[in-house]
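Geometric and topological summary
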Amino acid sequence: QVLLAESGGGLVQAGGSLMLSCTASGPTGSPDCMAWFRQAPGKERELVAAISRFGGSRYYAESVNGRFTISRDGGKVLLQMNSLKPEDTAVYYCAADQDWIPTRRFGDVPYWGQGTQVTVSS
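Let me begin by describing the structure that accompanies this report. (Residues numbered from 1 in each chain as written. Predicted model: local features only at pLDDT ≥ 70, side-chain atom pairs only at ≥ 80, totals over all residues. Heavy atoms only, no water.)

Considerations on the state of the cysteines
- The final tally for this structure, using the stated rule, is one disulfide.
- What pairs with Cys22 in a disulfide is Cys94, and their sulfur atoms sit 2.1 Å apart. Between Cys22 and Cys94 the disulfide shows an S-S torsion of about -80°. By sign, it is left-handed. With a gap of 72 residues between them, Cys22 in strand β3 (residues 18-25) and Cys94 in strand β9 (residues 90-97) connect regions that are remote in the sequence. Grouping residues by exposure puts Cys22 and Cys94 together as buried. (Disulfide = S-S within 2.5 Å. Helix = DSSP H or I, 4+ residues; strand = E, 2+ residues; numbered from the N terminus. Buried < 20%, exposed > 50% of the residue type's maximum accessible area, 1.4 Å probe, protein only.)

Comments concerning unusual backbone geometry
- If you check the backbone angles, Ser83 has positive phi at about 50° while not being a glycine.
- Tracing the sequence through the fold places Ser83 in the loop between β8 (76-81) and β9.
- Classification of Ser83 by relative accessible area gives partly exposed; the value is 41%.

What to know about the pairing of strand β11 (residues 116-121)
- Here β11 shows a buried face lined by Thr116, Val118 and Val120 and an unburied face lined by Gln117, Thr119 and Ser121.
- Pairing geometry for strand β2 (residues 10-13) and β11, over four bridges, is parallel. If you follow Gly10 over to β11, its bridge partner there is Val118.
- Relative to β11, β9 runs antiparallel, the two sharing three bridges. Following the sheet pairing, Ala90 is matched in β11 by Val118. (Pairing = 2+ DSSP bridges.)

Observations concerning the sheet that holds β3
- Taken together, the four strands give an open sheet; going across it, the order is β1-β3-β8-β7, and neighbouring strands pair in antiparallel fashion. At either margin of the open sheet sits one strand with a lone partner, and together these are β1 (3-8) and β7 (68-73). Strand-to-strand twist across the sheet, computed as the mean angle between neighbouring axes with direction ignored, equals 15°.
- As paired elements, β3 and β8 share six bridges and run antiparallel to each other. In the sheet register, Met19 faces β8, and the bridge partner there is Gln80. (Axes fitted to C-alpha atoms, helices over the stretch in contact; angles between N-to-C directions.)

Section: the pattern of salt bridges
- Under the criterion given, the structure shown has seven salt bridges.
- A salt bridge links Arg53 to Asp32, with the shortest nitrogen-to-oxygen separation between them at 2.5 Å. With Arg53 in the loop between β5 (46-52) and β6 (58-60) and Asp32 in the loop between β3 and β4 (33-39), the pair connects residues that are 21 residues apart, well separated along the chain.
- Looking at Asp32, the relative accessible area reads 29%, which means it is partly exposed.
- One salt-bridge network, in which partners are shared between bridges, spans Arg38, Glu46, Arg67 and Asp88. (Salt bridge = Lys/Arg side-chain N within 4 Å of Asp/Glu carboxyl O.)

Next comes the structure, spelled out in structure tokens:
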């Protein structure tokens, strides 16, 4: 069992920056893969970024590549979001798995945080 606690998020103007943080805890130790998903109203949940245990593998969605950076220190994962756009507005969820999340259907990812709202005003 892995528990995920998120922090960060909030309201920012377009072009601004935010950082999301997620810390994993539980008896199974640090998960192999940690990731961030997001879900906007009326849209499907989408994978934003993922990182392997020691950071050797990273994944970014095309829509955020070059603007977002995922990093990790053990069981803590950060998502630095720069040059934010109104279309980045969504609830952002931290996720964890022992498998590489970009190859998984999100419905099969076992561990999720509670979600944190990011709102970008134009």
